[in-house]
Amino acid sequence: MASPTLTLNSLKDLRDGADGASGMVPEAIEVQPKLDQYGRAYASGQRKDAVSRVWIKPGSGKITVNGRDLDIYFARPVLRMIINQPFEVVNRTGQYDVYCTVKGGGLSGQAGAVRHGIAKALTYFEPPLRSPLKTAGFLTRDSRTVERKKYGKAKARRSFQFSKR
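Residues numbered from 1 in each chain as written. Predicted model: local features only at pLDDT ≥ 70, side-chain atom pairs only at ≥ 80, totals over all residues. Heavy atoms only, no water.

This next bit is on the pattern of salt bridges. Applying the stated criterion to the full structure yields seven salt bridges. Residue Asp36 is joined to Arg40 by a salt bridge in which the shortest nitrogen-to-oxygen separation is 3.0 Å. Take Asp36: its relative accessible area is 28%, and that puts it in the partly exposed class. Taking relative accessible area as the criterion, Arg40 reaches 25% and is therefore assigned partly exposed. Residues Asp142 and Arg47 are paired through a salt bridge, measuring 3.6 Å at the closest nitrogen-oxygen approach. With a gap of 95 residues between them, Asp142 in the segment after helix 5 (130-136) and Arg47 in strand 1 (residues 41-47) connect regions that are remote in the sequence. (Salt bridge = Lys/Arg side-chain N within 4 Å of Asp/Glu carboxyl O. Buried < 20%, exposed > 50% of the residue type's maximum accessible area, 1.4 Å probe, protein only. Helix = DSSP H or I, 4+ residues; strand = E, 2+ residues; numbered from the N terminus.)

As structure tokens, this is what we get:
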């Protein structure tokens with residue numbers, strides 16, 4: 001009841017026979033955009049303790065965060081730059097309107113969550129954009145979070161001040 005021993009040549013013959021017999025070459029599957037009934041792409045993004053829900057649709061480039069304009073919600077230019085990075089990488093600046101809600105965390109984490117959500121929504125709207133966004137690192141969720149406080153310590157690692165006397 002022992003199975004026959006296969007060599008590399010016999011495996012090659014099996015592969016050649018399977019391809020040659022059917023004559024079919026596997027074709028690449030074209031990915032279709034994931035859109036809702038209103039023609040928008042939806043994605044969620046996360047960073048630290050912040051979670052964002054992002055909807056994008058073709059438009060003039062207006063970004064609305066929690067019902068407020070981007071310049072009002074994120075007053076610091078660095079945070080606005082972080083949010084616009086996915087559009088700049090794929091040369092789509094000013095071509096999409098973004099509506100998003102974000103909660104939890106601070107402003108920096110919220111900006112990172114919105115950027116993550118925008119990048120994911122762009123890949124759902126235009127699947128060929130996945131490769132440049134992936135190489136830029138915008139589709140990867142940044143898993144770094146705050147380390148928890150330990151007992152006997154002032155903070156996560158900081159000890160109380162040592163007193164010799």
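Aromatic ring pairs: the centre-centre distance and the angle between the two ring planes describe each pair. Per the counting criterion, the structure on display carries five aromatic pairs. Between the aromatic rings of Tyr73 and Phe74, the centroid separation amounts to 4.9 Å while the plane-to-plane angle is 80 degrees, which identifies the pairing as edge-to-face. Relative to Tyr96, the ring of Phe87 lies with its centre 6.4 Å away and its plane at 20 degrees, an arrangement referred to as stacked. Through successive ring pairs, a cluster of aromatic residues spans Tyr42, Trp55 and Tyr99. (Phe/Tyr/Trp six-rings, centres within 6.5 Å; stacked < 30°, edge-to-face > 60°.)

Once that is clear, we can look at unusual backbone geometry. Here the phi dihedral of Asn66 falls at roughly 50 degrees; this positive angle occurs in a residue that is not glycine. Note that Asn66 resides in the loop between strand 3 (63-65) and strand 4 (68-69). At Asn91, a position not held by glycine, the phi torsion is positive, near 55 degrees. Within the fold, Asn91 resides in the loop between helix 3 (77-89) and strand 5 (96-103).

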